[in-house]
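Chain by chain, the residues run as shown.
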Amino acid sequence: TDSYNWDSTIIMIEHAGLKSLFDGTGEHKQITFFGLTSPSIRRYLLENGYDRVTDIPEGKCKDILQKLVVPRRLILKNIPFGNRVNRGGAEFTEYDGMTCPALRGELFLWTFRQTYEGVQQAGAVVLNLASRNVQGARNEVIASSDIQTTTGVVHSLNYDFKFRNF
């Protein structure tokens, strides 16, 4: 019901022919979607000279969406603490966390607890992900986690998410 964040995402899902994946009538009854939001999609449109979501090639929509879907329910408490540290250039070292197959490719997921009022490990738990499909892909921070749906869970990506990192 949040049109600002999800209208373009819904159009992209339908344009990619993946509606059954998201409504539970397809092969997977429960999914986790790392949801790219409408502001990220609008930026992609502007950067690539498209006027509307349906101008993006269907295959590109399908590709990016499938890289952001895990064919099972994953909630924040199921994702272990970890880290992914840049060692220079496109080299990263991953600690703990978990590797998770997406419908297309592979994701590295991890959580960490923020500092609160100067006390380490006392703040909110933050979920992060990175694509293992693109060498040197940046770490992505989840803006809002554990959005429950009838067909799974959505973890909303930040507005600065860029397709090229997946």
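This text gives an overview of the structure that appears in the document.

It is worth spelling out the overall build of the chain at this point. Secondary structure summary: the chain contains four helices and nine strands in total. For a compact globule of 166 residues, the expected C-alpha radius of gyration is about 15 Å, and the chain comes in at 16 Å, within 12% of that figure. Oriented by its inertia axes, the alpha-carbon framework of the chain measures out at about 45 × 35 × 30 Å. Taking all 166 residues of the chain together, 44% fall into the buried category. Of all intrachain contacts in the chain linking residues separated by at least 6 positions in sequence, the fraction that spans at least 24 positions is 64%. Only carbon and sulfur atoms are counted for the fraction: they give 48% of the accessible area of the chain, which is about 8,500 Å². Taking the average place of the 19 positive charges on the side chains of the chain and the average place of its 18 negative ones, the gap between the two points comes to 3 Å.

Our next topic: unusual backbone geometry. Not every positive phi belongs to a glycine, and aspartate 96 is a case in point at roughly 50°. Structurally, the position occupied by aspartate 96 is in strand β4 (residues 91-96). In this model, aspartate 146 sits at a positive phi of 60°, which is unusual for a non-glycine residue. Looking at the secondary structure, you find aspartate 146 in strand β8 (residues 140-149).

With that settled, consider the sheet that holds strand β1 (residues 31-35). Taken in spatial order, the seven strands of this open sheet run β2-β1-β9-β8-β7-β6-β5, and their pairing is mixed. Both edges of this open sheet fall to β2 (69-70) and β5 (98-101), since each of them pairs with a single strand only. Relative to β2, β1 runs antiparallel, the two sharing two bridges. Looking across to β2, one finds that phenylalanine 33 is bridged to valine 69.

In terms of nonpolar packing, the biggest core is built from 38 residues, with Met12, Phe34, Leu36, Leu65, Leu68 and Leu109 touching the most fellow members. Discounting residues that sit within four places of it in the chain, leucine 68 has contacts with Thr32, Phe33, Phe34, Leu36, Leu157, Phe161 and Phe166.

Let us look at the pairing of strand β6 (residues 106-113). One face of the sheet, then the other: side chains in a regular strand alternate in exactly this way. As paired elements, β5 and β6 share four bridges and run antiparallel to each other. If you follow proline 101 over to β6, its bridge partner there is glutamate 106. Taking the residues between adjacent antiparallel strands as the criterion, β5 and β6 are bridged by four residues, where glycine 105 takes a positive phi near 90°.

Once that is clear, we can look at the packing of aromatic side chains. Here the structure, examined in full by the defined rule, presents seven aromatic pairs. With a centroid separation of 6.3 Å and an interplanar angle of 45°, the aromatic rings of phenylalanine 161 and phenylalanine 163 are classed as tilted. Just as phenylalanine 161 is buried, phenylalanine 163 falls in that class too. Of the aromatic side chains, those joined through ring pairs into one cluster are Tyr44, Tyr50, Phe161, Phe163 and Phe166. Lying across the ring of tyrosine 4, arginine 42 places its NZ or CZ 5.0 Å from the centre. Directly above the aromatic system of phenylalanine 92 lies the positively charged group of arginine 84, at a separation of 3.7 Å from the ring centroid.

This brings us to the packing of helix α1 (residues 3-15) against helix α4 (residues 58-66). The geometry of α1 relative to α4 is characterised by a closest axis approach of 8 Å and an angle of 110° between their N-to-C directions. In terms of axis orientation, α1 runs roughly perpendicular to α4. α1 and α4 meet at a crossing whose hand is left-handed. Of α4, the residues touching α1 (which contributes Met12, Ile13 and His15) are Glu58, Cys61, Ile64 and Leu65.

Here is what the cut-offs are and how they apply
- Residues numbered from 1 in each chain as written.
- Predicted model: local features only at pLDDT ≥ 70, side-chain atom pairs only at ≥ 80, totals over all residues.
- Heavy atoms only, no water.
- Helix = DSSP H or I, 4+ residues; strand = E, 2+ residues; numbered from the N terminus.
- Rg over C-alpha atoms; globule rule 2.2 N^0.38 Å.
- Buried < 20%, exposed > 50% of the residue type's maximum accessible area, 1.4 Å probe, protein only.
- Contact = heavy atoms within 4.5 Å.
- Areas by Shrake-Rupley, 256 points an atom, 1.4 Å probe, with all protein chains shown as cover.
- Lys, Arg positive; Asp, Glu negative; His and termini not counted.
- Charge placed at Lys NZ, Arg CZ, Asp CG, Glu CD.
- Pairing = 2+ DSSP bridges.
- Core = buried A, V, L, I, M, F, W, Y, C linked by side-chain atoms within 4.5 Å.
- Phe/Tyr/Trp six-rings, centres within 6.5 Å; stacked < 30°, edge-to-face > 60°.
- Lys NZ or Arg CZ within 6 Å of the ring centre and 35° of its normal.
- Axes fitted to C-alpha atoms, helices over the stretch in contact; angles between N-to-C directions.
- Parallel < 35°, antiparallel > 145°, perpendicular 65-115°, else oblique.
- Left-handed = near helix turned anticlockwise from the far one by under 90°.

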